[in-house]
Amino acid sequence: MSSLHDLEKQFQDKIDNEIKIEPKDWMPDAYRATLLRQISQHAHSEVIGMQPEGNWVLRAPSLRAKKILLAKIQDEGGHGLYLYSAAETFGVDRAEMIDQLHAGKAKYSSVFNNPTLNWADIGAIGWLVDGAAIVNQVALQRTSYGPYARAMFRICKEESFHQRQGYESLLVLSRGTSEQKAMLQDAVNRWWWPSLMMFGPSDAASTHSEQSLQWKIKRQSNDELRQRFVDATVEQANILGVTLP
C-alpha cells in the first residue's frame, strides 16, 4: 500500500508531466478544497453576472442590442451550469453550493456589486470585466484539473463574443455626441479599477498563489495576468478615444 508521501509524489509527477488530474484520481485534500472553492466561486460569479445585465434588456437602445444582450445573458447561465457540473465531480451537489451562496458562506466576484447607471456601463462590463475574465480564463484552459480545463474551452470562445459586444457598443458611443462620449468616459472611469481587482491581490499579498502555481491550478501569477490585460486594453482605449484612470 502506497504511503501518503508516495501518493503526493505520484500526484506532483503527473502535474509536472502535464497529465490532467481526473475526478477518480488520488489528490491531496488541499488541492480538492482549493479547486472546489475556486470553481464554485467562478460558477456563482457567472450566474450573479447575469443580473445587472438582465435589468437592461428592456432598456437597450435597439432591437439588435436587446438580442445581443439576451444571447450574452443566456451564455452566462450556461457557463454557470458547466462550472457547477465541474464542481460536482468533487461529490458536492450544486444545490448545496447555491445554498452556501445564499447564506453568504460562498463568494462571488464583487465586481458585480457595482451599479450600472446607464447603457455605457453595460458596454464597459463587456469590454473591461469580460475582457479581464478572458485573460484569467484562457490561462485556465491549461489548468491541471481535467473537468475544469475542458469547461473553459467553450466558455472562452463565448466570452470573447461578450468582450467584442461590449467594445462594439462603446465604439458606437465614441463616435456619437459630446454627451455620449462623456457617458463613455464616465463608465470607463468607474469600471477600470474594479476590472483590475478581478485578478486578485498582488503576488506579494496572495496567500494561495504559490501553491496553486505549483499544482498548476494557476499557470501565471495575478500580477502577470493583470499586466497582460493592461497591455491589451491600453491599445483598445486609444481607438475609443478614452483615458484610462
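Residues numbered from 1 in each chain as written. Predicted model: local features only at pLDDT ≥ 70, side-chain atom pairs only at ≥ 80, totals over all residues. Heavy atoms only, no water.

**Q** Can you explain the overall build of the chain? Please cite residues and give values.
**A** Broken down by element type, the chain carries 9 helices and 0 strands. Traced from its N-terminal end to its C-terminal end, the chain shows the element sequence α-α-α-α-α-α-α-α-α. Here the C-alpha radius of gyration of the chain, 19 Å, is about what a compact globule of 245 residues would show, namely 18 Å. If you line up the chain on its principal axes, its C-alpha atoms span 75 × 35 × 30 Å. Taken across its 245 residues, the chain has 49% of its residues classed as buried. Taking the contacts inside the chain whose residues are at least 6 apart along the sequence as the reference set, 77% of them involve residues at least 24 apart. Summed over all atoms, the accessible surface of the chain reaches about 12,400 Å², with 56% contributed by carbon and sulfur. Taking the 27 positively charged and 29 negatively charged side chains of the chain as two groups, their mean positions are separated by 4 Å. (Helix = DSSP H or I, 4+ residues; strand = E, 2+ residues; numbered from the N terminus. Rg over C-alpha atoms; globule rule 2.2 N^0.38 Å. Buried < 20%, exposed > 50% of the residue type's maximum accessible area, 1.4 Å probe, protein only. Contact = heavy atoms within 4.5 Å. Areas by Shrake-Rupley, 256 points an atom, 1.4 Å probe, with all protein chains shown as cover. Lys, Arg positive; Asp, Glu negative; His and termini not counted. Charge placed at Lys NZ, Arg CZ, Asp CG, Glu CD.)

**Q** Go over the packing of helix α6 (residues 146–174) against helix α7 (residues 178–197) with me, naming the residues and quoting the values.
**A** Between α6 and α7, the shortest axis-to-axis distance is 8 Å and the interhelical angle comes to 140°. As the angle between them shows, α6 and α7 are arranged oblique. Across the interface between the two elements, L170, L173 and S174 from α6 touch Q180, K181 and L184 from α7. Its residues assigned to classes, the contact of α6 with α7 shows 3 nonpolar, 2 polar and 1 charged. (Axes fitted to C-alpha atoms, helices over the stretch in contact; angles between N-to-C directions. Parallel < 35°, antiparallel > 145°, perpendicular 65-115°, else oblique. Nonpolar A, V, L, I, M, F, W, Y, C, P; charged D, E, K, R; others polar.)

**Q** Hey, could you go over helix α1 (residues 4–16) for me, with residue numbers and the actual values?
**A** End to end, α1 covers 18 Å across 13 residues, agreeing with the expected 18 Å (1.5 Å per residue, within 8%). Looking only at α1, the buried set comprises F11, Q12 and I15. Mapping the buried residues of α1 onto a view down its axis gives an arc of 95°, with all of them on the same face. On its buried face, α1 is in contact with α2 (29–54) and α8 (209–214). Of the residues one or two after α1, E18 is the one with positive phi, at around 60°. (Expected span 1.5 Å × (residues − 1). Arc of directions from axis to C-beta.)

**Q** Explain the nonpolar core to me, using residue names and the numbers behind them.
**A** With 38 residues, the main nonpolar core has L69, W119, W127, W191, F229, L240 and V242 as its most contacted residues. Contributing elements (two or more residues each) for this core: α3 (63–88), α5 (119–140), α6, α7 and α9 (222–240). The element that contributes the greatest number of residues to this core is α5, accounting for 11 residues. Contacts of L240, omitting those with residues within four sequence positions, involve W127, Y167, L170, L171, S174 and L184. (Core = buried A, V, L, I, M, F, W, Y, C linked by side-chain atoms within 4.5 Å.)

**Q** An account of the side chain of Q137 is needed here, citing residue identities and associated values.
**A** With respect to the helices, strands and loops of the structure, Q137 is situated in helix α5. What Q137 contacts, discounting residues up to four positions off in sequence, is H42, E46, M152, I155, C156 and E159.

**Q** Which residues make up the packing of aromatic side chains, and what values go with them?
**A** Scanning the entire structure with this criterion turns up 8 aromatic pairs. Relative to W26, the ring of F11 lies with its centre 6.2 Å away and its plane at 85°, an arrangement referred to as edge-to-face. Pair noted here: F11 is in helix α1 and W26 is in the loop between α1 and α2, with a separation of 15 residues, a long-range link. Both rings, one in W127 and one in Y167, keep their centres 5.8 Å apart while their planes meet at 55°; by these two values the pair is tilted. Taken together, the residues span a long stretch of sequence, with W127 in helix α5 and Y167 in helix α6 at a distance of 40 residues. (Phe/Tyr/Trp six-rings, centres within 6.5 Å; stacked < 30°, edge-to-face > 60°.)

**Q** Report on unusual backbone geometry, specifying residues and quantitative values.
**A** Even without glycine at this site, E18 takes up a positive phi of about 60°. Position of E18 among the secondary structure elements: in the loop between α1 and α2. Look at K216: it is not a glycine, yet its phi comes out positive at around 60°. For K216, the position within the fold is in the loop between α8 and α9.

**Q** Break down the pattern of salt bridges for me, citing the residues and quoting the values.
**A** Across all of its chains, the model carries 13 salt bridges by this definition. Here D130 and K72 are joined by a salt bridge, their closest N and O atoms 2.7 Å apart. Linking D130 in helix α5 with K72 in helix α3, this pair joins segments that are 58 residues apart in sequence. Neither residue differs from the other here; D130 and K72 are each classed as buried. Linking R190 and D121 is a salt bridge whose minimum nitrogen-to-oxygen distance equals 2.7 Å. Of the two residues, R190 is situated in helix α7 and D121 in helix α5; the sequence distance between them amounts to 69 residues. Assessed through its relative accessible area of 25%, R190 is described here as partly exposed. Residues joined by salt bridges that share partners form a network here, namely E18, K216 and R219. (Salt bridge = Lys/Arg side-chain N within 4 Å of Asp/Glu carboxyl O.)

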